[in-house]
Amino acid sequence: MKQESKTFTKDFTLQEPLPEEAIARAVEIMRSGKLHRYNVAAGEAGEAALLEQEFAAYMGAKYCLSCASCGQAMFLALKSAGVQAGDKILCNAFTLAPVPGAIHHAGAEIVLVEITEDYTVDLDDLEKKAAAPDVRWFLISHMRGHLTDMDRLMEICRKHNITLIEDCAHTMGASWNGKKSGSFGKVGCFSTQTYKHMNSGEGGLLTTDDPELIAQAIIYSGSYMLFDRHLSRPGVEVFDQIKKQTPNYSCRMDNLRASMLRFQLRNLDKQCERWNSRYVLLEKELNKIPHISCPKRPKAEKFVGSSIQFSISDQSKEAIQLFLSQTLARGVEIKWFGHTEPVGFTSAYVSWKYLGALPTLQKTNSVLANMCDMRIPLTFDHEDCKCIAEIIGEVAAKVF
Ligand SMILES: *Cc1c(COP(=O)(O)O)cnc(C)c1O
């Protein structure tokens, strides 16, 4: 058999099993039947409450709330921070559908910000748009784990009195100059959906240092006046002022999912290192291939390489499509943000028609048109990563 026809046979959706300790705890919770987070006696610490306490400690944050999803965490973050219907919210144009979804859910209006060649927020464009007198919020999405210059970003927010909320679905475990992603803004929002850094199927976490904000978020999330059962919270007097003024949006996490996450949290930093060893290998190999380049990552950025992105230079749309179909035929599943139609887990802002007429962002369009995206499941070992890079190299040599 010719070397060239090598195919990759592992499945890109293949997950690692949950750690045995997590499974054992989840089974215990199922045996107890006490799956609802408020199915606890006064003084009894439930799994969701414990997870919140532990995640807040991991983040170095004062408070944490667990939610049904990261999308819900972002919605609660916006509402609890005080976003009103019709408010304008800055958001980078390269993100996933739940982010504009949360803005829409909160009744706010999105103001898209351009991205740069390295897939992060275009800070010059941000500076311009943040200067508008009616813009007070920025929901930044650290999309695919790429962190922008957080020092300059914070400076812009301070200068223009912008409240920052962070979508850290891909930066759980990441940091900028030693400061954790999610601790820069007023609120950090995280996902524990299967494809993120901890896996409970669905789930979200919200962190903040603000006592009023967390109290709002706890009541919005649906606390049935059982907010005293939370371990990660301010004194009950903070709730007393707002409990009758705040609707119940029912987006809690349950004890079963929390029980799966508690052990995974202890392992999180180790898992991040495992992702990064695969990322570094792939990055090195992919950068050797003509017409393919991974973005240079700043020294200040400690990222989590749970996926890898690269840009293709000087190729037509047709050539890129041929490259994608030929790599796929050899078992390598690469996603592309240049599709005119939204397909599985990619979504370009041009598809968010429900948001009304959005401006065309030239720079973002040209970056996305050449940008590829590949998941790095931890079930792939270093040999698998080498095989994937080889196949990409061979197809690229043929097609480009
Ligand atoms: C997955 C994801 C979310 C939302 O996560 P859910 O928990 O599925 O709601 C938000 N932002 C980005 C960038 C994501 O990839």
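Right, let's walk through the structure included here. (Residues numbered from 1 in each chain as written. Predicted model: local features only at pLDDT ≥ 70, side-chain atom pairs only at ≥ 80, totals over all residues. Heavy atoms only, no water.)

A few words now on the pattern of salt bridges. As enumerated under the stated definition, the model contains 25 salt bridges in all. With a shortest N-O distance of 2.9 Å, R274 and E16 are connected by a salt bridge. Of the two residues, R274 is situated in helix 9 (residues 255-286) and E16 in the segment before helix 1 (20-32); the sequence distance between them amounts to 258 residues. Its relative accessible area of 27% is what places R274 among the partly exposed residues. (Salt bridge = Lys/Arg side-chain N within 4 Å of Asp/Glu carboxyl O. Helix = DSSP H or I, 4+ residues; strand = E, 2+ residues; numbered from the N terminus. Buried < 20%, exposed > 50% of the residue type's maximum accessible area, 1.4 Å probe, protein only.)

Moving on, we come to the site of the ligand. Close contacts around the ligand come from 16 residues, with G71, D167, H170, S191 and K196 the closest. One of the side-chain nitrogen or oxygen atoms of H170 is found 2.6 Å away from an oxygen atom of the ligand. Separating an oxygen atom of the ligand from a side-chain N or O atom of K196 is a distance of 3.0 Å. Its free accessible area being 380 Å², the ligand has 95% of it covered by the protein chains. Sort the elements by how many residues they give to the shell around the ligand and helix 3 (residues 70-81) lands first, with 3 residues. Here the shell around the ligand is composed, by residue class, of 7 nonpolar, 7 polar and 2 charged. (Near = heavy atom within 4 Å. Polar contact = N/O pair within 3.5 Å; in protein donor to acceptor, adjacent residues only side chain to side chain. Areas by Shrake-Rupley, 256 points an atom, 1.4 Å probe, with all protein chains shown as cover. Nonpolar A, V, L, I, M, F, W, Y, C, P; charged D, E, K, R; others polar.)

The subject of this paragraph is helix 5 (residues 123-130). Among all positions in helix 5, only L123, D125, L126 and A130 are buried. In an axial view of helix 5, the angular spread of the buried residues amounts to 155°, which keeps them on one side of the axis. Away from its buried face by more than 90 degrees, helix 5 exposes D124 and K128. Structurally, helix 5 contributes buried residues whose contacts are with strand 2 (88-92), strand 3 (109-113), strand 4 (135-141) and helix 6 (150-159). Measuring from the side-chain oxygen of the N-cap residue of helix 5 to the backbone nitrogen of D124 gives 3.0 Å; that N-cap residue is D122. (Arc of directions from axis to C-beta. Contact = heavy atoms within 4.5 Å.)

What follows is about the sheet that holds strand 11 (residues 301-302). Spatial strand order, 7-6-11: 3 strands in an open sheet with antiparallel pairing. On the outer flanks of this sheet lie strand 7 (179-180) and strand 11, each paired with one strand and no other. Bridge analysis of strand 6 (residues 175-176) against strand 7 gives 2 bridges, and the strand direction is antiparallel. Its bridge partner being in strand 7, S175 is matched across the sheet by K180. (Pairing = 2+ DSSP bridges.)

These figures come from the coordinates and say nothing about function on their own.
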